[in-house]
Amino acid sequence: MKKKLIFAGLLFCAAALFSEGVVLRYKHNLDDACSYVSKVYEDVYFDGMLNHSAVIGNRISARVTHVYEDGSASILARYMVNQEGSVSNQTGAMTWGEESESIFIRRPTGEMEIGSSAFLPSVRNVPVFPTDAVKPGDTWSGRGTEAEDLRASFNLDKPYLVPFIADYKYLRDDEIDGRTFQVISVSYSFYYESPAKKVNDVYLPKYTQGNCTQIIWWDNEKGFIDHYSDNFRIEIMNYAGNSYIMVGNSEAQITEFVPSTQETLQKIQETVDNLELEDVSVTQTDKGLSISLENIQFLPDSAILMDSEKAKLKKIAEILKEFPNDLLIKGHCADRGTEKNRQIISEERADAVADFLFNQKVRTKDRMFTKGVGSKEPAAPNTTEEGRRKNRRVEIIILE
């Protein structure tokens, strides 16, 4: 069980400036999209003893799929959560984890309508805005909800919803790199006793209590949250008297990206051709544009790149620097050896490429993700040497 502080309100807001203050409203336009990367640093205690510490990586991408007459919108949000909290070797790039998605409706003032089976976002109706204009020093309150994921600890197949009242304060305006941000504080505490001892023979928590403080940097000109930070503490007690406590903090910021288009794909492919890069192809995937290095060469039975591949990756690094998007590096291998060994070597080779790109200053550590898939996603049959060459590959995906 891990605390995933992922804000529902991380995109598409707009505010009109008036002499007496600022009117804050979510503004939705069809196909508006953005993505955020966050890290949660968390200590988990069981019955007062430290059970484990974790760094949990989250990536959230969202798109407006429908806009209603009143300004509300239907939003499709996709989440990647690194459940293990592991960090890839050398680079510090986060390992790509569990993927899920939610569809919800959000009103202009921030209130959400979301299905009862959606585990994410875990913090809902934050932020919400008052109907009137606000200026530095003004305060307001709004109802919010925490959706606790208790599948592992309580065997609950739906999120456990804990209500709270959040207090907001417009603190000040910050000037950062020539941009103006409205700085808003959010704080809330809660104590919630389960309305029943168990449901469908599954025991509920006896009580849930906690608190959270957050600072949001709101980009009024562009119309969305630029970044935020928070601190939290949550305690859950079961009917046997066991307590689970989660203490930590998180931070997140918006990540810019270039949309995947056929024109962009052709541009990258032409650059690859002009650089005479062998065994390199560019394709469109459901996550973004993929630059695939087929038959990538490592020293025998290792994840150490050969010099020929380093030269190739240096040229690809220059291509990647033209795009601000997050990167996903996927390692693949041919169907040789045991499944366990194939998985390990694919992970190590993805890490090796990420490490090389990091040293080439292509991305910072928090903007790259790695994933090994063994031989589960072959590009060609493993029955021929040509097919196996294609399957020994590393994909660099320019994420949308």
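Residues numbered from 1 in each chain as written. Predicted model: local features only at pLDDT ≥ 70, side-chain atom pairs only at ≥ 80, totals over all residues. Heavy atoms only, no water.

A. Structural detail: the overall build of the protein. Each helix and strand counted, the protein has five helices and 22 strands in total. Over its C-alpha trace the protein gives a radius of gyration of 23 Å, about what one expects of a compact globule, namely 21 Å for 400 residues. Along the longest, intermediate and shortest principal axes, the C-alpha atoms of the protein span 65 × 55 × 35 Å. For the protein, the residues scored as buried account for 52% of the 400 residues in total. A separation threshold of at least 6 residues defines the contact pool for the protein, and within that pool the share at least 24 residues apart is 64%. (Helix = DSSP H or I, 4+ residues; strand = E, 2+ residues; numbered from the N terminus. Rg over C-alpha atoms; globule rule 2.2 N^0.38 Å. Buried < 20%, exposed > 50% of the residue type's maximum accessible area, 1.4 Å probe, protein only. Contact = heavy atoms within 4.5 Å.)

B. The packing of helix α3 (residues 307–320) against helix α4 (residues 339–359), seen in detail. At a minimum axis separation of 10 Å, α3 and α4 run at an interaxial angle of 60 degrees. Accordingly, the angle class assigned to the pair α3 and α4 is oblique. Note on packing geometry: the crossing formed by α3 with α4 is right-handed. Mapping the contact onto sequence places Lys 310, Leu 313, Lys 314, Ala 317 and Leu 320 in α3 and Val 353, Phe 356 and Leu 357 in α4. Of the residues assigned to the contact of α3 with α4, the class counts are six nonpolar, no polar and two charged. (Axes fitted to C-alpha atoms, helices over the stretch in contact; angles between N-to-C directions. Parallel < 35°, antiparallel > 145°, perpendicular 65-115°, else oblique. Left-handed = near helix turned anticlockwise from the far one by under 90°. Nonpolar A, V, L, I, M, F, W, Y, C, P; charged D, E, K, R; others polar.)

C. Focus on the layout of surface pockets. Considering only enclosed or pocket space, the largest pocket measures out at about 460 Å³ in volume. Surrounding the largest pocket, 21 residues form its lining, Arg 59, Ser 61, Arg 78, Asp 286 and Glu 400 being those nearest its centre. Put simply, the parts of the chain that give the lining of the largest pocket at least two residues each are β3 (33–46), β4 (49–67), β5 (73–81) and β7 (98–106). The element best represented in the lining of the largest pocket is β4, accounting for five residues. When grouped by side-chain class, the residues that make up the lining of the largest pocket number 10 nonpolar, three polar and eight charged. (1 Å grid on protein atoms, 1.4 Å probe; cavity = no way out; pocket = protein on both sides within 12 Å on 5 of 7 lines; lining within 4 Å. Points joined across faces, edges and corners; volume = space filled by probe spheres on them.)

D. Highlighting the confidence of the model for the protein. On average, residues of the protein score 87 in pLDDT, and 92% of them are at 70 or above. Low confidence marks residues 1–19, where pLDDT is under 50. Its contacts with residues over four positions away, or in another chain, come to 110 contacts. Across residues 85–90, confidence stays below pLDDT 50; counting only partners more than four residues off in sequence or on other chains, it has 16 contacts. (pLDDT = per-residue confidence, 0-100.)

E. Summary view of the pairing of strand β20 (residues 327–331). In terms of burial, β20 is a largely internal element, five of the five residues being buried. With burial as the criterion, each face of β20 is covered, one bearing Leu 327, Ile 329 and Gly 331 and the other bearing Leu 328 and Lys 330. The pairing of β20 with strand β21 (residues 368–372) spans five bridges and is parallel. Looking across to β21, one finds that Leu 327 is bridged to Met 368. This β-α-β element, β20 to α4 to β21, shows right-handed connectivity. Where β20 lies against strand β22 (residues 393–399), five bridges are found, and the strand directions are antiparallel. For Ile 329, the partnering residue across the bridge sits in β22 and is Ile 396. (Pairing = 2+ DSSP bridges. Right-handed = clockwise from strand over helix to strand, strands pointing away.)

F. Representation of the sheet that holds strand β6 (residues 94–95) in the model. Spatially, six strands are ordered β6-β21-β20-β22-β19-β18 in an open sheet, and the strand pairing comes out mixed. In this open sheet, the two edge strands, each paired with only one partner strand, are β6 and β18 (280–284). One ladder, built from seven bridges, connects strand β19 (residues 288–294) with β22; its direction is antiparallel. Following the sheet pairing, Leu 293 is matched in β22 by Val 394. Where α3 meets the sheet, its contacts fall on β18, β19, β20 and β22, and the angle it forms with β19 comes to roughly 170 degrees. Sitting on the sheet, α4 touches β20, β21 and β22, and the angle it makes with β21 is about 160 degrees.

G. Broad picture of the nonpolar core. Grouped together as the largest cluster of nonpolar side chains are 54 residues, with contacts concentrated most on Leu 24, Trp 140, Tyr 168 and Trp 218. With 33 residues, the next largest nonpolar core counts Phe 298, Leu 320, Phe 323 and Val 362 among its residues. (Core = buried A, V, L, I, M, F, W, Y, C linked by side-chain atoms within 4.5 Å.)

H. Quick look at the environment of Thr 285. For Thr 285, the location among the structural elements is in the loop between β18 and β19. Thr 285 gets classed as partly exposed once you look at its relative accessible area, which sits at 23%. Ignoring sequence-local partners within four residues, the contact set of Thr 285 consists of Ser 290 and Ile 397. Separated by 2.7 Å, the side chain of Thr 285 and the backbone oxygen of Gly 288 make a polar contact. (Polar contact = N/O pair within 3.5 Å; in protein donor to acceptor, adjacent residues only side chain to side chain.)

I. Region of interest: α4. With 21 residues, α4 should reach 30 Å at 1.5 Å per residue; the first-to-last C-alpha distance of 31 Å fits that figure. Count one or two residues on from α4 and you reach Lys 361, which has phi positive near 60 degrees. (Expected span 1.5 Å × (residues − 1).)

J. Molecular detail of the side chain of Ser 260. Checked against the element boundaries, Ser 260 lands in the loop between β17 (243–255) and α2 (262–274). Ser 260 gets classed as buried once you look at its relative accessible area, which sits at 18%.

K. Representation of the environment of Glu 395. Note that Glu 395 resides in strand β22. Accessibility expressed as a relative area gives 9% for Glu 395, which makes it buried. When the C-alpha positions of Glu 395 and Ser 38 are compared, they lie 23 Å apart, and in sequence the two are 357 residues distant. Here Ser 290 takes part through its side chain, which lies 2.8 Å from a polar atom of the side chain of Glu 395.

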